[in-house]
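Given next are the chains, with one letter for each unit.
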Amino acid sequence: MKQTPLENWILQRTGIHERSRQALEEYQIQQLASTLHYAKDNSRYYKKLLAQTDIDSIKSISGFHAVPFTYPEDIRKKPTDFLCVSEKEVKRIVTLNTSGTSGEEKRIYFTEGDLNQTIDFFQYGMNCLTDQSDRVLVLLPGKAYGSIGDLLKKALALSHIECIVHGVLRDPEEVEQIIMENGISCIVGIPMQILYFSRIKSEVFRKFIKKVLLSTDYVPGVLVQELESRFHCTVFNHYGMTEMGYGGGVECQALTGYHLREGDLYFEIIDPATGKPATDGQYGEVVFTTFGRQAMPLIRYRTGDMARFSKNHCACGTFLRTMDKVIGRITNKVVFDNSEEMHLRELDEIILKYSEVLDYTAAFSRTDTLEICLTLMKGELFEKLQEEIAERICAGWKTDLKLCMTWKPDSRIFKITNSMGKRNLIRLQEGGGKDG
Ligand SMILES: [Zn+2]
């Protein structure tokens with residue numbers, strides 16, 4: 001098995017000479033200190049937040065763990081307070097409208113140097129799965145300068161790998177044509193879009209697609225199993241978010257979790273309730289700190305994603321850490337009166353198992369009815385599906401659930417309500433508003 005190419009890349013970029021956690025950690029402590037100094041000296045937000053922090057006294061990782069967290073709401077309130085460079089040095093601004101109700105948006109800024117750092121990671125990250133014999137189709141946004149698709153294309157060009165950036169899937173017929181005309185062997189895209197496409201265009205998928213890279217949202221296990229068993233694809237997961245500079249980590253050929261971009265980012269897993277570090281193997285919230293980011297460094301940024309560090313060494317033999325696959329957003333759940341929880345990922349495992357289902361939405365109304373709407377190829381299957389799915393949902397939770405299931409036909413034009421956003425289990429509020 002090929003060792004993750006991220007290892008050599010990180011050794012080169014960090015300049016550390018030994019393959020050891022200790023050497024990498026020493027490098028990371030230096031980088032953390034320089035991020036703290038840079039952010040405190042150059043951004044209004046960190047000047048205030050770190051006013052009481054004596055950065056020079058931080059000599060260890062545990063010392064760093066006393067530094068306060070940064071929350072997404074802080075960016076939303078006043079993104080410009082995070083800026084460390086003049087506005088003319090900003091080459092890319094990403095606006096993330098994550099909240100359904102408030103008008104505040106999260107803005108993430110990048111300089112040319114920041115974008116180049118991501119291209120560098122993408123180049124070596126893509127080497128985990130592709131080589132020059134591949135032709136890659138990217139079903140992610142790519143028109144704008146510095147968008148994820150644009151950076152991926154530039155990264156693959158450095159490895160002389162052919163790449164077409166199409167944008168998110170809207171018209172399956174068009175994407176089918178592109179795959180056939182260009183002999184595409186590898187697709188990069190959003191998990192639910194790839195599943196959808198594979199279910200309605202299974203022939204072309206089986207014939208052409210050998211590798212899949214899933215990104216931008218957590219990946220249901222049932223989805224990976226289906227792509228592997230139905231199409232004999234190798235399915236790689238990438239973990240990243242815009243705030244990280246898009247990329248955070250990618251699986252090696254062992255496919256047992258992501259190796260992380262440890263030369264550019266410092267990752268922690270914390271107990272979301274106490275803020276204390278979780279032990280390896282224990283699930284918690286992913287927190288990261290950027291190294292060398294010019295426009296908008298982030299320190300101990302709370303991602304809201306749930307994951308854990310693996311306790312095992314990866315079969316590829318790297319000394320880099322492995323993070324087990326993200327299992328979703330911490331808030332992506334509904335808590336019932338008996339304190340039982342229902343997570344979107346649990347519904348996914350039940351509902352997406354049926355290959356007739358092309359997509360679905362789930363929402364709780366204020367009367368505590370779980371409303372599920374299935375997108376189906378054919379309506380005549382609905383009654384059977386409804387019965388089976390309802391039975392499995394009722395068996396999974398002790399709470400007395402009221403279920404209301406409906407279906408709608410596949411429009412063949414994938415409706416992108418929030419193209420790069422994460423899927424949500426929605427609780428509808430009185431008046432019809434949405435609450436994350
Ligand atoms: Zn590995």
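Residues numbered from 1 in each chain as written. Predicted model: local features only at pLDDT ≥ 70, side-chain atom pairs only at ≥ 80, totals over all residues. Heavy atoms only, no water.

The name an unreviewed UniProt entry gives the chain is AMP-dependent synthetase/ligase domain-containing protein, with Lacrimispora amygdalina as the organism.

Moving on, we get to the packing of aromatic side chains. By the definition in use, this model includes 16 aromatic pairs. Ring centres 5.8 Å apart and planes at 20° place the aromatic pair Phe110 and Tyr246 in the stacked group. One end of the pair, Phe110, is in strand β2 (residues 106-111); the other, Tyr246, is in the loop between β7 (234-239) and β8 (249-251), with 136 residues separating them in the sequence. On the accessibility criterion, Phe110 (1% relative accessible area) is buried. A ring pair is formed by Phe197 and Phe205, whose centres lie 6.2 Å apart and whose planes are at 55°; its orientation type is tilted. By relative accessible area, Phe197 is classed as buried at 0%. Members of the aromatic cluster, connected to one another through ring pairs, are Trp9, Phe121, Phe122 and Tyr124. (Phe/Tyr/Trp six-rings, centres within 6.5 Å; stacked < 30°, edge-to-face > 60°. Helix = DSSP H or I, 4+ residues; strand = E, 2+ residues; numbered from the N terminus. Buried < 20%, exposed > 50% of the residue type's maximum accessible area, 1.4 Å probe, protein only.)

One finds Val136, Tyr239, Phe267 and Met323 to be the most contacted residues of the largest nonpolar core, which totals 80 residues. In this structure, Phe205, Val219, Phe336 and Leu344 belong to the second largest nonpolar core, which totals 54 residues. (Core = buried A, V, L, I, M, F, W, Y, C linked by side-chain atoms within 4.5 Å.)

This brings us to the sheet that holds strand β14 (residues 328-329). Read from one edge to the other, the open sheet built from 4 strands follows the order β10-β11-β12-β14, with strand pairing classed as antiparallel. Each having just a single partner strand, β10 (265-270) and β14 make up the two edges of the open sheet. Bridge analysis of strand β12 (residues 301-307) against β14 gives 2 bridges, and the strand direction is antiparallel. In the strand pairing of β14, Met306 is matched with Gly328. (Pairing = 2+ DSSP bridges.)

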